[in-house]
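Reading the structure
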Amino acid sequence: MTISLYSVSVPVFERMLRNLLAIIGKAEANAAERKIKPEVLAASRLAPDMYPLAFQVQSATDRAKFFVARVTGREAPSWADNEQTLEELKARIDKALAYLAGVEATDLDGHENKPVSLKVRGEDVQLPALDYLLHNVMPNFYFHVTTAYDILRHNGVPLGKRDFIG
């Protein structure tokens, strides 16, 4: 059985980023209801030594765009990591979704064994594209999406499993 690199990456990124967009939309509505400034939630974190919500969204979108860029050989779009409000985080997700919308199955399929170079703990590493996706990109992508959800839930945004899964 062959696996479609496209099918196990781009549609998954798109679905989860759309879910994250909806989650942040709920957070915006909840913040307005509770008279919380938009930048407060964007700067929120679960623990003092963790990165805030803004970083989690930036990292999730980066995982998706860098996977596509590294496998296709395209230049990844460069986005300043300067989002400070929920509206700016939604715009960041919209940019990632627009980038992913331009990716076709033919851009990725057949490249499962293509060597992808990246730095892991400061060392240059090469992985086949499928291994890179399954063992690096997806765990990191889901970690950051989950952490974004958790930060908002921890801050009282009424979210549930359906919001996460879609």
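A brief structural summary. Treat the numbers as computed from the prediction; the structure is a model and nothing was measured. (Residues numbered from 1 in each chain as written. Predicted model: local features only at pLDDT ≥ 70, side-chain atom pairs only at ≥ 80, totals over all residues. Heavy atoms only, no water.)

So, about the pattern of salt bridges. Scanning all chains against the criterion turns up nine salt bridges. With its nearest N and O atoms 2.8 Å apart, the salt bridge here joins Asp62 to Arg92. In this pair, Asp62 is assigned in helix α3 (residues 53-72) and Arg92 in helix α4 (residues 86-101), connecting sequence segments 30 residues apart. Here Asp62 and Arg92 have matching classes, each one buried. As a salt-bridge pair, Asp81 and Arg92 come within 2.8 Å of each other at their nearest N and O atoms. Remark: Arg92 occurs in helix α4 and Asp81 occurs in the loop between α3 and α4; sequence separation between them is 11 residues. For Asp81, a relative accessible area of 48% corresponds to the partly exposed category. Judged by its relative accessible area of 0%, Arg92 falls in the buried class. A single network of salt bridges, built from pairs that share partners, joins Asp62, Lys65, Asp81, Glu83 and Arg92. (Salt bridge = Lys/Arg side-chain N within 4 Å of Asp/Glu carboxyl O. Helix = DSSP H or I, 4+ residues; strand = E, 2+ residues; numbered from the N terminus. Buried < 20%, exposed > 50% of the residue type's maximum accessible area, 1.4 Å probe, protein only.)

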